[in-house]
Amino acid sequence: MPKTLQIEFGPITEQNVNFLRKVNSACFPISYNDKFYKDVVALKDDGLNKFAYYGGFVVGAVCTRMEPLPSDASRNRLYIMTLGVLAAYRGREVGTQLIQSVMDHYEKHKVEDFEAVDEIALHVQISNDDAIRFYTEGFGFAQGEMVENYYRRID
């Protein structure tokens, strides 16, 4: 089993957002529009949106936002929009460290910044068994109902 990489985290800013574009294009079968990248930069929260660096190079990224709960607009959830790790660095705990850092940030700041947050959520393509196991077994996420046509463009 490959060793766990000791990564460093760094913010996603206007100056380096193009690295996020490159990570996303290498990791996902869809293209994100300019608004996605502008919104991530505008959040200015490196607890929720960050790069993983190894040896000074970007090897992954996580992007999270706070949004209203679909069932109760007076309450919120943290929504993990993307988690991408470059193929050469997968299986080395980079994704685990990125998600754990978001969870730790939430726990550390939940009283003052996230008091209205009731859940942390994400969507995973139903055919991506590795990702489903990653979240359910690695972090205790519960698998919810399937959202019809959520990934209709890439199935």
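Below or above, wherever it landed, is the structure these notes cover.

Rules behind the numbers
- Residues numbered from 1 in each chain as written.
- Predicted model: local features only at pLDDT ≥ 70, side-chain atom pairs only at ≥ 80, totals over all residues.
- Heavy atoms only, no water.
- Phe/Tyr/Trp six-rings, centres within 6.5 Å; stacked < 30°, edge-to-face > 60°.
- Buried < 20%, exposed > 50% of the residue type's maximum accessible area, 1.4 Å probe, protein only.
- Lys NZ or Arg CZ within 6 Å of the ring centre and 35° of its normal.
- Pairing = 2+ DSSP bridges.
- Helix = DSSP H or I, 4+ residues; strand = E, 2+ residues; numbered from the N terminus.
- Axes fitted to C-alpha atoms, helices over the stretch in contact; angles between N-to-C directions.
- Contact = heavy atoms within 4.5 Å.
- Parallel < 35°, antiparallel > 145°, perpendicular 65-115°, else oblique.
- Left-handed = near helix turned anticlockwise from the far one by under 90°.
- Core = buried A, V, L, I, M, F, W, Y, C linked by side-chain atoms within 4.5 Å.
- Polar contact = N/O pair within 3.5 Å; in protein donor to acceptor, adjacent residues only side chain to side chain.
- Arc of directions from axis to C-beta.

## Structural notes on the packing of aromatic side chains
1) Next: In total, this model carries nine aromatic pairs according to the counting rule given.
2) Next: Considering the side-chain rings of Phe28 and Tyr32, the 6.0 Å spacing of their centres and the 80 degrees angle between planes classify their relative orientation as edge-to-face.
3) Next: The partly exposed category is assigned to Tyr32, whose relative accessible area is 24%.
4) Next: Both rings, one in Phe134 and one in Phe139, keep their centres 5.4 Å apart while their planes meet at 65 degrees; by these two values the pair is edge-to-face.
5) Next: Looking at Phe139, the relative accessible area reads 16%, which means it is buried.
6) Next: Taken together through their ring pairs, the aromatic side chains of Phe28, Tyr32, Phe36 and Tyr37 make up a single cluster.
7) Next: One residue, Lys50, lies across the ring of Phe9, its end atom 4.9 Å from the ring centre.

## Things to note about the sheet that holds strand S4 (residues 72–85)
The pairing of strands in a sheet happens through backbone hydrogen bonds and is either parallel or antiparallel.
1) Next: Taken in spatial order, the five strands line up as S1-S2-S3-S4-S5 in an open sheet, and their pairing is mixed. For this open sheet the edge positions go to strand S1 (8–11) and strand S5 (117–121), each flanked by a neighbour on one side alone. The average angle at which neighbouring strand axes cross in this sheet is 25 degrees, direction not considered.
2) Next: Together, S1, strand S2 (50–54), strand S3 (57–69), S4 and S5 form the strand contacts of helix H3 (residues 94–109), whose direction differs from that of S4 by roughly 155 degrees.

## Things to note about unusual backbone geometry
1) Next: For Lys44, which is not glycine, the phi torsion reads 45 degrees and is therefore positive.
2) Next: Looking at the secondary structure, you find Lys44 in the loop between helix H2 (34–43) and S2.
3) Next: One non-glycine residue with positive phi stands out, namely Glu93, at about 75 degrees.
4) Next: If you trace the backbone, Glu93 turns up in the loop between S4 and H3.

## Quick notes on the packing of helix H1 (residues 17–27) against H2
1) Next: Here H1 crosses H2 at 130 degrees, and the two axes come no closer than 11 Å. Here H1 is positioned oblique relative to H2, judged by the angle of their axes. Remark: the crossing between H1 and H2 carries right-handed chirality. On H2, the residues touching Val17, Leu20, Arg21 and Asn24 of H1 are Asp34, Phe36, Tyr37, Val40 and Val41.

## Structural notes on the nonpolar core
1) Next: Of all hydrophobic cores here, the largest spans 23 residues; its most connected members are Ile80, Val94, Ile99 and Phe141.
2) Next: Put simply, the parts of the chain that give this core at least two residues each are S3, S4, H3, S5 and helix H4 (129–139).
3) Next: By residue number, the principal contributor to this core is H3, which donates six residues.
4) Next: Ignoring sequence-local partners within four residues, the contact set of Val94 consists of Leu5, Ile7, Ala52, Val59, Val85 and Tyr89.

## So, the side chain of Thr64
1) Next: For Thr64, the position within the fold is in strand S3.
2) Next: Looking at Thr64, the relative accessible area reads 0%, which means it is buried.
3) Next: Polar contacts involving the side chain of Thr64 include one to the main-chain carbonyl oxygen of Leu48, which spans 3.1 Å.
4) Next: With near-sequence residues (within four places) excluded, Thr64 lies in contact with Leu43, Leu48, Asn49, Leu78, Tyr79, Ile80, Met81 and Val102.

## Points about H4
1) Next: Looking only at H4, the buried set comprises Ala131, Ile132, Tyr135 and Phe139. Projected down its long axis, H4 carries its buried residues within an arc of 110 degrees, all on one side. Residues of H4 that are exposed and point over 90 degrees away from its buried face: Asp130, Glu137 and Gly138.
2) Next: Along its buried surface, H4 packs onto S4 and H3.
3) Next: The positive-phi residue at the C-terminal boundary of H4 is Gly140, with phi of around 75 degrees.

By themselves, these figures tell us nothing about what the structure is for.
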